[in-house]
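# Descriptive structure summary
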Amino acid sequence: IKSNIPVLVEKPLAQSYQDCLDLKEACYVSAFDKVAVAYCLRFMPSAQAIKGYIDQRLVGPIYNVSINVGQYLPTWRPGKNYIHSVSARNSLGGGALLELSHELDYAQWLFGPVYLQYSYLRTSGELILDVEDVADLILLTKEGIYVDMHMDFVQKSPRRTCEIIGRDGRLVWDLIANKITMFDGQTVSLIFSEPDYIKNEMYIEMIKSFEKKIKGKEDFLANIKDASEVVNLIEKAKVLSNWRAKN
């Protein structure tokens, strides 16, 4: 970064907020506009669509958002013992919050800055981990949108959803199915669906966007500031949480 070389950093940006500040300082000295963080969910077609619907105020003013993500860690990476994975080990920066920080990133991307109100992190005991495998957060936006977020490593059937409740209806974004459903009180409409989408395209689009960033063109990538705020939220959640391990 100090050599002004464009860098795309794997998420999360760092394990601590202090490390993020060090990176930000290096960027401001040289290459802030050439550094980005790989929050790839932004590049899903349904992610682009949901952002468009929110910007167009399809459901009117938004009141509540409910975000839920979970997958059973032992089946997450076939052929690899989950106990030895980054996700499972505190010394490697594991835990549900850091591993599933995509949700914190897209919450900020879609709804603006979010402010932590409450957190409850815990270890279920089911997976014998030294990190949280269940996390629940309550956040607020500047506009007063209430956001509840659930993350875990224990759901046997994978789930990744975002439900948005507004004055004129409810949007349900299913990231796994790559679809968006609109409920307006009168009808239920499937307003976006691309079930045959090949996930690898998401990564290709991210790389293309990084190329645009390097050339000074508009891009959808998370920048150092965005990604630093995600880590800051995670640190605050750990401090505020009534964290406990189940014996």
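Notes on the structure follow.

Scoring rules and cut-offs
Along each chain, numbering runs from 1 in the same order as the chain's sequence is written. Note on the predicted model: pLDDT of at least 70 is required for a residue's local features to be given, and 80 or more for side-chain atom pairs to be given and counted; whole-chain, interface and lining totals, by contrast, use all residues. Hydrogen atoms and water are omitted, and side-chain values are computed over all heavy atoms in the structure. For the purposes of this entry, the term helix denotes a DSSP run of H or I that reaches at least four residues, the term strand denotes a run of E that reaches at least two, and both are numbered from the N terminus. Exposed residues in this analysis have more than 50% of their type's maximum accessible area, buried residues have under 20%, and partly exposed residues fall in between, with area computed by a 1.4 Å probe over protein chains only. By definition, residues are in contact when any of their heavy atoms lie within 4.5 Å. Per-residue and other accessible areas were derived by the Shrake-Rupley procedure at a 1.4 Å probe size, with only the shown protein chains allowed to occlude residues. Only four residue types enter the tally: Lys and Arg on the positive side, Asp and Glu on the negative side, with His and both chain ends excluded. Positions of charges follow a simple convention, taking NZ of Lys, CZ of Arg, CG of Asp or CD of Glu. Two strands make a pair as long as DSSP finds a minimum of two bridges between them.

## Focus on the overall build of the protein chain
What the protein chain contains, in helices and strands, is six helices and eleven strands. By its C-alpha atoms, the protein chain is 55 × 55 × 40 Å across when sized along the principal axes. Counting all 247 residues of the protein chain, 49% fall into the buried class. The long-range share in the protein chain, meaning contacts at least 24 apart out of those at least 6 apart in sequence, stands at 70%. Accessible surface for the protein chain amounts to roughly 12400 Å². Of this, 51% is attributable to carbon and sulfur atoms. Seen as two clouds, the 29 positive and the 31 negative side-chain charges of the protein chain have centres 1 Å apart.

## A closer look at the pairing of strand β6 (residues 146–152)
For β6, the buried fraction is high: five of the seven residues fall into the buried class. Alignment of strand β3 (residues 62–70) against β6, held across seven bridges, turns out to be parallel. Within β6, the residue paired with Val-69 across the bridge is Met-151. With seven bridges joining them, strand β5 (residues 134–141) and β6 adopt antiparallel strand pairing. Its bridge partner lying in β6, Asp-136 is registered against His-150. Here β5 folds back onto β6 in antiparallel fashion, the turn holding four residues, of which Gly-144 has a positive phi close to 85°.

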